[in-house]
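Coordinates in review
The primary structure of each chain is shown beneath.
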Amino acid sequence: MSGGEFPGVATDAAFTSLDGVPLRMTLETLDPDFARDDADHDAGGHADADFDPAVLDALAADDYRFKVWGGDWCGDCQRQLPAFGAALAAAGVPADRIEDFPVTKGPDGKEGEAVDEYGIELIPTVVVETPDGEEVARFVEEEDVSIAEFLARQLADVEVSV
């Protein structure tokens, strides 16, 4: 079933249901192979892009955890998240250190798991945490560089408290 089959769910993200109750949606745009048909797809870095080794090293360091909020319906997410997913894969970040949080549009703003807890207002948003849960970097919506490069720059300045 797709999200469009449930009133009030403003997403095309595919999810399954059990006895008519929707289960957790997935964030398909985080998949490096997510494809768009328009010309903007390559603007944010295609999944086959070459990555700076320093960026990959920063993403792979210190067992960081990546929490990603986005919506498959969101143009910014469609343009940026596939390349970020590819960068995480190229850096060798294991799937158990990446958590995605699909977001829907509600009458009072973005809705979804942990949106209020993390103050998510714009998407995509990526929060990087240490294994102890300390937030050390955050990307919100759009910057002049890719998500991976932006976070790598922030992580380069991190002194993790022990």
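Just above sits the structure.
Residues numbered from 1 in each chain as written. Predicted model: local features only at pLDDT ≥ 70, side-chain atom pairs only at ≥ 80, totals over all residues. Heavy atoms only, no water.

Here's the deal with the pattern of salt bridges
A complete count under the given rule lists six salt bridges for this structure. Residues aspartate 76 and arginine 79 are paired through a salt bridge, measuring 3.1 Å at the closest nitrogen-oxygen approach. Note that aspartate 76 and arginine 79 are positioned in helix α2 (residues 75-90) at a spacing of three residues, about one turn of the helix. One continuous salt-bridge network, built from bridges that share partners, spans Asp76, Arg79 and Glu142. (Salt bridge = Lys/Arg side-chain N within 4 Å of Asp/Glu carboxyl O. Helix = DSSP H or I, 4+ residues; strand = E, 2+ residues; numbered from the N terminus.)

Considering the state of the cysteines
Such a bond, covalent and formed between the sulfur atoms of two cysteines, is termed a disulfide. Tallied over the full model, the rule gives zero disulfides. Cysteine 77 provides the cysteine sulfur closest to cysteine 74, a residue in no disulfide bond, and the two sulfurs are 3.3 Å apart. According to the relative accessible area criterion, cysteine 74 is buried, its value standing at 8%. (Disulfide = S-S within 2.5 Å. Buried < 20%, exposed > 50% of the residue type's maximum accessible area, 1.4 Å probe, protein only.)

Observations concerning the packing of aromatic side chains
Given two aromatic rings, their pairing is described by the distance between the two centres and the angle made by the two planes. According to the stated counting rule, one finds four aromatic pairs in the structure shown. When the centroid spacing of 4.9 Å and the interplanar angle of 45 degrees are considered together, the rings of tryptophan 69 and tyrosine 118 count as tilted. Remark: tyrosine 118 occurs in helix α3 (residues 115-118) and tryptophan 69 occurs in strand β3 (residues 65-70); sequence separation between them is 49 residues. Note on accessibility: tryptophan 69 and tyrosine 118 belong to one class, buried. Judged by centre distance (5.6 Å) and plane angle (75 degrees), the ring pair of phenylalanine 139 and phenylalanine 150 falls under edge-to-face. Residue phenylalanine 139 is located in strand β8 (residues 135-140), and its partner phenylalanine 150 is located in helix α4 (residues 147-156); the two are separated by eleven residues in the primary sequence. Comparing phenylalanine 139 with phenylalanine 150 shows no difference in burial state: the two are buried. Taken together, the ring pairs connect Trp69, Phe101 and Tyr118 into an aromatic cluster. (Phe/Tyr/Trp six-rings, centres within 6.5 Å; stacked < 30°, edge-to-face > 60°.)

What about the sheet that holds strand β4 (residues 98-102)?
Pairing in this open sheet of four strands is mixed, and the strands run β4-β3-β7-β8 from one edge to the other. Each edge of the open sheet is held by one strand with a lone partner, namely β4 and β8. For this sheet the average axis-to-axis angle between neighbouring strands, irrespective of direction, equals 15 degrees. Across five bridges, β3 lies against strand β7 (residues 125-129) in antiparallel orientation. In the sheet register, phenylalanine 66 faces β7, and the bridge partner there is valine 128. (Pairing = 2+ DSSP bridges. Axes fitted to C-alpha atoms, helices over the stretch in contact; angles between N-to-C directions.)

What about the nonpolar core?
Generally speaking, nonpolar side chains in soluble globular proteins are found buried as a group. In this structure, Leu59, Phe66, Trp69, Phe84, Val126, Val128 and Leu151 are the most contacted members of the largest nonpolar core, which totals 38 residues. Ranked by residue count, the leading element in this core is α4, at six residues. In this structure phenylalanine 84 touches Leu30, Leu59, Phe66, Val68, Val126, Ile147, Ala148 and Leu151, once residues within four positions along its chain are discounted. (Core = buried A, V, L, I, M, F, W, Y, C linked by side-chain atoms within 4.5 Å. Contact = heavy atoms within 4.5 Å.)

Just geometry here; none of it tells us what the structure is for.
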